[in-house]
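Summary of structural features
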Amino acid sequence: MTTTQFVGTRLLRREDAPLLTGEGRYVDDLVAPGELHMTLVRSPLAHARIRSIDTAAARAMPGVVAVLTGADLLGEWGGPMPCAFAIPGMHASTHYPVAPETVHYIGDPVAVVLADSAYASKDAADAVVVDYDPLEAVIDLEDALSDRVLVHPELGTNTSHVWELNPNPEAVERAFASAAHVVKERYVQQRLLPSPMEPRGVLAVPQPHGGELTFYSATQVPHFVQIFLSLLLGIPQQKIRVIAPKVGGGFGCKLEIYGEELLCAALARKLGRPVRWTEERSEAATATIQGRGQIQDIELAADADGRITGVRVHLLADMGGYLMLLTPQIPLLGAFLYHGVYDTGAYAFSCTGVYTTKTPTDAYRGAGRPEATYAIERAVDALARKLGVDPAELRRRNFIKPEQFPYQSPGGLLFDSGAYEAALDKALTLAGYSALRAEQQDRRARKDVVQLGIGLSSYVEMCGLAPSRVLASLNYVAGGWESSTVRVLPTGKVQVVSGTSPHGQGHETSWSMIVADQLGVSPDDIEVLHSDTAIAPNGLDTYGSRSLPVGGTAVYLATEKVIAKARTIAAHQLEAAEEDLVYEGGAFAVRGSPTSTMALGAIAFEAFSAHNLPDGMEPLLEATTTWDPPNFVFPFGTHIAVVEIDTDTGDVTLRAYTAVDDCGNQVNPLIVEGQVHGGIVQGAAQALFEEAVYDPDGNLVTATFADYLVPSAAEFPSFALDHTVTPSPTNPMGVKGIGEAGTIASTPAVMNAVVDALAPWNVRDIDMPASPWRVWKAIQAGGAQ
Amino acid sequence: MKVSLTVNGSSHEHEVEPRLLLVDYLRKVVGLTGTNIGCDTSSCGACTVLVDGESVKSCTMLAAQARGRAITTIEGLSSGGELHPVQRAFHEHHGLQCGFCTPGMVLAAVSLIAEQPHPTEEDVRLGLEGNLCRCTGYHNIVKAVLAAAEGVPA
């Protein structure tokens, strides 16, 4: 029997102490004797052929050990850079860590310099002379679609793929033909720079005596990195140890196999010396994948009462210059969710991917689901405006009802559990919705310079991608399982090994709470080990809000197995029947014989000494589980943003923000809230501040934190959070992921608020970010109030 | 050129390149890696240290400019195994997730409280404007700083 003592409590994080004192070690903090520093020479042009590269001056500079071009390095690679999430029939680009002939975005590497210090390698990189033959840049998505200029002429088209989900085309046609109201909207998902505070970094240390490589990377996916280093460099997998030490955030952009990782490993092997690379921030702007980048066309069909009867969506998605690990499928992770939380009946989705001469796109917090939620939540507000119905009321009319769960969605998913109206109601109350509407009316009536906008966003998302068979049908190379080993040591202390790879999410704290409750021990007696392929060899790492529903469940199930084995040992030792044993407070007791007990530590020691185990039982008290969930989990909730807009200047202030989320049972509400807070700011930043702006020549003009506006504390209020609890039936703890929900919900909430504030000017849309300039222009275009 | 200064109370003297940034001096020469580098435009504040008690982004300063000054890095903030009240407040209010901005954020907060012992929420938000965090949404950082300031005697 499990007693809940820690799960559900706000236990403070065990991760904090080393991070608060500077003892935590990120990749750039590690030192390897004799290490070389790598600097990449990157293309200053978006699209160009390399005519020649002169490395002589660089090679002659002090401290320089090697200068190598893409052509010099071609022999190192066992294959091109990987795409692990392909689409059948897609036109796949081929690329290598260093471009041998043609560059396809600003920042595309053309040469590498290795020197004995970082400053020396940067000086020498500046001395490499590259002669380019410029080609025309392809920046605009519709221009890319026209094939006027081909990014990859060998493919014959800029279209990477067209993907459709249209299970019942006649139903969709019928819904739109018979609709009383049709809303047709176009939204732009601007490109974003993921911007974890720690840029990327790599340190590859050759271990010549075993032909081995110890490889440190600021990655979310050490297990993926190990496999691809082996496949692409021909180093046997068992001889590669990948360690993700402290990692300073990821947000999807460290879910990747990067050329710099392959380069450090290949050059360390080639030169027999450790090779380090630390990304600079302005380098990260173009060298690290970017997020979003879509034009969304969405149509809603509705009956006279505003009941949505059909949703039709087409995306034009920006792949960038190459397909990276998951690039083509990222927009499709939203493909099943463009009807949102609404029971809409007919549903059709299609997506066209195009190449441009910009940095490749890939996973960024939410990956596909924020885009889907944005489109449907903005469109539902547009329908509400058209009908003159309060947006909360229109949502209520269309929600999938609690009794419909598990809900067979029109996109073919089975939504596990939900109570959407309850979350909406709670959010409306917490935000003081009717008072806000009254204040809004008052300000409108007074023609106040500062107008109020109230924006709702009711979301559902799918996370914990699984089961593996379903991922196979989506052409994902890996599975959706997660692995854990739980080990009770001879002294009674516990090791938990997890295949997840946290980088800020607090898994050590959460996993220890789960196991502490099950085993009846203190969390302080539990060590959680992860992010090192020599310690945790099996894992699929951390992304897509999978860690708790998949990885945490694996921990839970492995612990159950440990208890089952301990029970057999205790029954043998106590000469009792297993079914007569009760496990409580860290010990087995024989029912009705309270003095006959055996503590977990004593059982673990028996399992270790193996002097008196049941016949045929293997020694040691440990168990491993690999959990492949039967389904995704579907967190949901309602967020409400309140903005004030100075209509003279166009300045938008986020005045208040309310979030009611439902991630099922919560393991640690403190950590859940932290995830939501961070997500809100990241999503609201897309609405109000952030944009990767390219000029027509393909220059990224927002390549530093001075130009790309990652917001500070000064731009935000404190938030009002609450939750509902609708356990998931998908896993035994009833949990759902919460890592991305805040980002998914907040962008449309804030933009709906901005547009709502400007209703008196008949403003229907403003491109993100809603900068003062754009808002002011929209007000001017809308005419006098 | 020669620089001599104190870092966390210890005297240091080194021959350095004139262009060496203070942050690189602290990390590579002195070997204190708690001070992180998050950008190259003095925008993010991850490298914030205290110079004679005032917060400074150590990427905006040359090691040479720190001659004769007293530097405090995150490693020098706690004493005798006890966390500084600001560090403790960050722990108690979950004011950190990945931890990369944390050393700079904590030192900026220490400096802020020294200048404004009883800040309002707005004071804290404006005071920390130069320090970026991508994980926490600032909510709990602000809470932590306000709580730490409450502990300061009136």
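Note that the coordinates shown come from a computational prediction; the quantities given were computed from them, not determined experimentally. (Residues numbered from 1 in each chain as written. Chains lettered and ligands numbered in written order. Predicted model: local features only at pLDDT ≥ 70, side-chain atom pairs only at ≥ 80, totals over all residues.)

**Regarding the overall build of chain A**
Each helix and strand counted, chain A has 20 helices and 28 strands in total. Against the compact-globule benchmark of 28 Å for 785 residues, chain A has a radius of gyration of 28 Å, which places it among compact chains. In terms of overall dimensions, chain A has C-alpha extents of about 85 × 70 × 50 Å along its principal axes. Counting all 785 residues of chain A, 59% fall into the buried class. Taking contacts inside chain A between residues at least 6 apart in sequence as the whole, the part at least 24 apart equals 80%. (Helix = DSSP H or I, 4+ residues; strand = E, 2+ residues; numbered from the N terminus. Rg over C-alpha atoms; globule rule 2.2 N^0.38 Å. Buried ≥ 20, exposed ≤ 12 C-beta atoms within 10 Å, placed from the backbone. Contact = placed C-beta atoms within 7 Å.)

**Let's talk about the overall build of chain B**
Scanning chain B from terminus to terminus reveals five helices and five strands. Along its sequence from the N terminus, chain B presents helices and strands in the succession β-β-α-β-β-β-α-α-α-α. What you see for chain B is a C-alpha radius of gyration of 15 Å, in line with the 15 Å of a compact globule of 154 residues. When its C-alpha atoms are laid out on the principal axes, chain B stretches across 45 × 30 × 25 Å. Here chain B holds 154 residues, and the buried ones make up 58% of them. A separation threshold of at least 6 residues defines the contact pool for chain B, and within that pool the share at least 24 residues apart is 59%.

**Describing the sheet that holds strand E2 (residues 48-54) of chain A**
Strands in a sheet are paired, the pairing made by backbone hydrogen bonds, and the direction either parallel or antiparallel. Pairing is antiparallel across the open sheet formed by three strands, whose spatial order is E4-E2-E6 (chain A). Each edge of the open sheet is held by one strand with a lone partner, namely strand E4 (102-103) and strand E6 (129-134) of chain A. (Pairing = 2+ DSSP bridges.)

**Some remarks on the interface of chain A and chain B**
With 41 residues of chain A at the contact, the number on the chain B side is 44 residues. Residue assignment for the side of chain A that touches chain B shows that the elements contributing at least two residues are helix H1 (16-21), helix H9 (281-287) and helix H18 (669-688) of chain A. The element that contributes the greatest number of residues to the side of chain A that touches chain B is H18(A), accounting for six residues. Within the side of chain A that touches chain B, the residues separate by chemical class into 18 nonpolar, 15 polar and eight charged. (Nonpolar A, V, L, I, M, F, W, Y, C, P; charged D, E, K, R; others polar.)

**Regarding unusual backbone geometry**
Residue and element names in this part refer to chain A. Looking along the chain, the bond that leaves Phe405 and enters Pro406 is cis, with omega of -5°. Mapped onto the fold, Pro406 is located in the loop between helix H11 (391-398) and strand E16 (407-408). One non-glycine residue, Ser195, lies in the positive phi region at around 55°. Along the polypeptide, Ser195 turns up in the loop between strand E8 (181-192) and strand E9 (201-207). With 26 C-beta atoms packed within 10 Å, Ser195 lands in the buried category. Even without being a glycine, Phe251 presents a positive backbone phi close to 55°. Of note, Phe251 is situated in the loop between strand E11 (240-243) and helix H8 (259-271). Owing to 29 C-beta atoms within 10 Å, Phe251 belongs among the buried residues under this scheme.

**Brief notes about helix H1 (residues 22-29) of chain B**
Residues and elements named next belong to chain B. The buried fraction of H1 amounts to six of the eight residues, a majority that puts the element mostly inside the structure. All buried positions along H1 are accounted for by Leu22, Val23, Asp24, Tyr25, Leu26 and Arg27. At its buried positions, H1 is contacted by strand E1 (2-7).

**Examining the pairing of strand E21 (residues 526-529) of chain A**
Side-chain alternation along E21(A) places A:Ile526 and A:Val528 on a buried face and A:Glu527 and A:Leu529 on a face that remains uncovered. In this region the chain leaves strand E20 (residues 494-498) of chain A, passes through helix H15 (residues 507-519) of chain A and returns to the parallel neighbour E21(A); the handedness of that crossover is right-handed. (Right-handed = clockwise from strand over helix to strand, strands pointing away.)

**A closer look at the nonpolar core**
If you look at the biggest cluster of nonpolar residues, it comprises 307 residues, and the most contacted ones within it are A:Val113, A:Val750, A:Val754 and B:Ala109. Of all the elements, helix H16 (residues 547-574) of chain A adds the most residues to this core, at 12 residues. In this structure A:Val754 touches A:Gly453, A:Val643, A:Ile645, A:Val652, A:Ile766, A:Ala770 and A:Val775, once residues within four positions along its chain are discounted. (Core = buried A, V, L, I, M, F, W, Y, C linked by C-beta atoms within 7 Å.)

**As for the domain arrangement of chain A**
Residue and element names in this part refer to chain A. According to the domain assignment, chain A consists of domain 1 (16-22 + 481-627), domain 2 (31-135 + 197-249 + 254-287) and domain 3 (368-462 + 632-782). The centre of domain 1, based on its C-alpha atoms, is set 40 Å off from the matching centre of domain 3. The interface is formed by 13 residues belonging to domain 1 together with 13 residues belonging to domain 3. Those elements giving two or more residues to the side of domain 1 that touches domain 3 turn out to be H15 and H16. No other element matches H16, which puts five residues into the side of domain 1 that touches domain 3. Its residues assigned to classes, the side of domain 1 that touches domain 3 shows five nonpolar, seven polar and one charged. (Domains from an automatic or database assignment.)

**Focus: the confidence of the model for chain B**
Averaged over chain B, the pLDDT score is 96; the fraction of residues at 70 or greater is 98%. Here the predicted complex carries an ipTM of 0.97, next to a pTM of 0.97. (pLDDT = per-residue confidence, 0-100.)

**Some points on the packing of H18(A) against helix H19 (residues 741-757) of chain A**
All names here are of chain A. Two elements in contact, H18 and H19, have axes separated by 7 Å at closest approach and are oriented at 40°. By the angle class used here, H18 and H19 are oblique. Note on packing geometry: the crossing formed by H18 with H19 is right-handed. Along its contact with H18, which presents Gln675, Val676, Gly678, Gly679, Ile680, Gln682, Gly683, Ala684, Gln686, Ala687 and Leu688, the element H19 presents Ala741, Gly742, Thr743, Ile744, Ala745, Ser746, Thr747, Val750 and Met751. Tallied by class, residues from the contact of H18 with H19 come to 10 nonpolar, 10 polar and no charged. (Axes fitted to C-alpha atoms, helices over the stretch in contact; angles between N-to-C directions. Parallel < 35°, antiparallel > 145°, perpendicular 65-115°, else oblique. Left-handed = near helix turned anticlockwise from the far one by under 90°.)

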